[in-house]
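# A look at the structure
Residue-level listing of the chains:
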Amino acid sequence: DGSDLTYFAAVKFGDDATEFYLLADTAATNTWVMGASCSTAACEKHSTLGSGSSSLDEKSGTFSIAYGSGQVNGTLAEDDVQIAGFTVSMTFGLAGYASSDFESFPIDGVMGLGRADMTSQSVTEGTILDALAKASLIPAKVFGMHLSRNEDAQDGEINFGAPNPSRYDGDLAWTSAMDNDRGFWEIPIDDAAVDGSSTGLSDRTAIIDSGTSYILIPADDAAALHKLVPSASKNGEVYTVPCDTTQNLQLTFSNVAYDISYRDWVGGTVGDGTCQSNIIARQTFGAKQWLVGDVFLKNVYAVFDQDNVRVGF
Ligand SMILES: *[C@@H]1O[C@H](CO)[C@@H](O)[C@H](O)[C@H]1NC(C)=O
């Protein structure tokens, strides 16, 4: 959406090819869409899938997912799904309940792009990537992701089956993804820096998450990072910095330092020439795990390679 908070794709479901906006979520393995039987305020505001599709096959299984904010549950269903010019039959969650958190988001569901083969927490048989590969519609279980910066262009893209070389210069640098039981694309961070000055933080990992707008890191790490930014100050889990800050941050993976432009990490104004930092002091998972979202991804072309268990930038 316009403020770079949410990245979603138009996906068509069913033989009537109704279009749904699904959050492109690399940190989730489950795909679900709001169902016609859902009568919460969130579902009433969105597109729902139901009897309009005669190919919809509702199953007896159920699913239930709790997010950091928001809860959804319902039954499993199978139907034709169209994306990127492909049509594939897949199993997904059909939500009979979606909490009010989903009222304000422009999405009708979630497209899981995590590593479903790594986790028992998947409610369905696999992701859309798995379904496309199983149907031999793509040559490899890999996808490339270019997230646009609204200020520059509205040209975001997911490329299934291979990276799109027209979206990046030079060579991709790969980092092996670590084992974890949640299906995350998790990679070791070599260093985090502000304008080339290292924070000295090591032994951290990044969960690369297109479904998260910002970068969420434990409070002590957020303190170490903002200490290197002149006039940064803390208010709860949010830091503020001067709006005219022009320092870039760097995250280093496999010996390559990637800039996070000040245009992305220096966020909206809170008044008096002060702006919010989009690096939030919040531990989401382990004490050494950083949730690295769109604020970073807007700065790179990212490739998620499930066959070779690696992430390339
Ligand atoms: C779905 O969640 C709602 C709200 O927590 C709950 O009332 C309902 O029983 C749940 N339904 C199922 C099938 O789990």
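Okay, so let's go over this structure. (Residues numbered from 1 in each chain as written. Predicted model: local features only at pLDDT ≥ 70, side-chain atom pairs only at ≥ 80, totals over all residues. Heavy atoms only, no water.)

### Describing the overall build of the protein
- The number of helices and strands found in the protein is 5 helices and 25 strands.
- Relative to its length of 313 residues, the protein is compact, with a C-alpha radius of gyration of 20 Å against a globular reference of 20 Å.
- With the C-alpha coordinates of the protein rotated into their principal frame, the extents come out at 60 × 40 × 35 Å.
- In the protein, which comprises 313 residues, the proportion classed as buried is 52%.
- The contacts of the protein with a sequence gap of at least 6 include a subset with a gap of at least 24, amounting to 65%.
- When the accessible area of the protein is evaluated, it comes to approximately 13100 Å², of which 44% is carbon and sulfur surface.
- Distance from the positive charge centre (17 side chains) to the negative charge centre (42 side chains) of the protein: 4 Å. (Helix = DSSP H or I, 4+ residues; strand = E, 2+ residues; numbered from the N terminus. Rg over C-alpha atoms; globule rule 2.2 N^0.38 Å. Buried < 20%, exposed > 50% of the residue type's maximum accessible area, 1.4 Å probe, protein only. Contact = heavy atoms within 4.5 Å. Areas by Shrake-Rupley, 256 points an atom, 1.4 Å probe, with all protein chains shown as cover. Lys, Arg positive; Asp, Glu negative; His and termini not counted. Charge placed at Lys NZ, Arg CZ, Asp CG, Glu CD.)

### Brief notes about the site of the ligand
- Around the ligand, the structure places Gln71, Asn73 and Tyr97.
- A distance of 3.4 Å separates an oxygen atom of the ligand from a polar atom in the side chain of Gln71.
- Within the side chain of Asn73, one N or O atom sits 2.3 Å away from an oxygen atom of the ligand.
- Calculation on the ligand without its partners gives an accessible area of 360 Å², and the protein chains cover 40% of this total. (Near = heavy atom within 4 Å. Polar contact = N/O pair within 3.5 Å; in protein donor to acceptor, adjacent residues only side chain to side chain.)

### Some thoughts on helix H3 (residues 219–226)
- For H3, the full list of buried residues reads Asp221, Ala222, Leu225 and His226. Angular distribution of buried residues about the axis of H3 spans 125°; they occupy a single face of the element. (Arc of directions from axis to C-beta.)

### Comments concerning empty space enclosed by the protein
- Counting across every chain of the model gives 2 cavities of 30 Å³ or more.
- For the largest cavity, the calculated volume is near 50 Å³.
- Only strand E12 (191–194), strand E15 (215–217) and strand E18 (249–253) provide two or more residues apiece to the lining of the largest cavity.
- Looking at the lining of the largest cavity element by element, the count peaks at 3 residues for E18.
- Here the residues of the lining of the largest cavity are counted per class, giving 10 nonpolar, 1 polar and no charged. (1 Å grid on protein atoms, 1.4 Å probe; cavity = no way out; pocket = protein on both sides within 12 Å on 5 of 7 lines; lining within 4 Å. Points joined across faces, edges and corners; volume = space filled by probe spheres on them. Nonpolar A, V, L, I, M, F, W, Y, C, P; charged D, E, K, R; others polar.)

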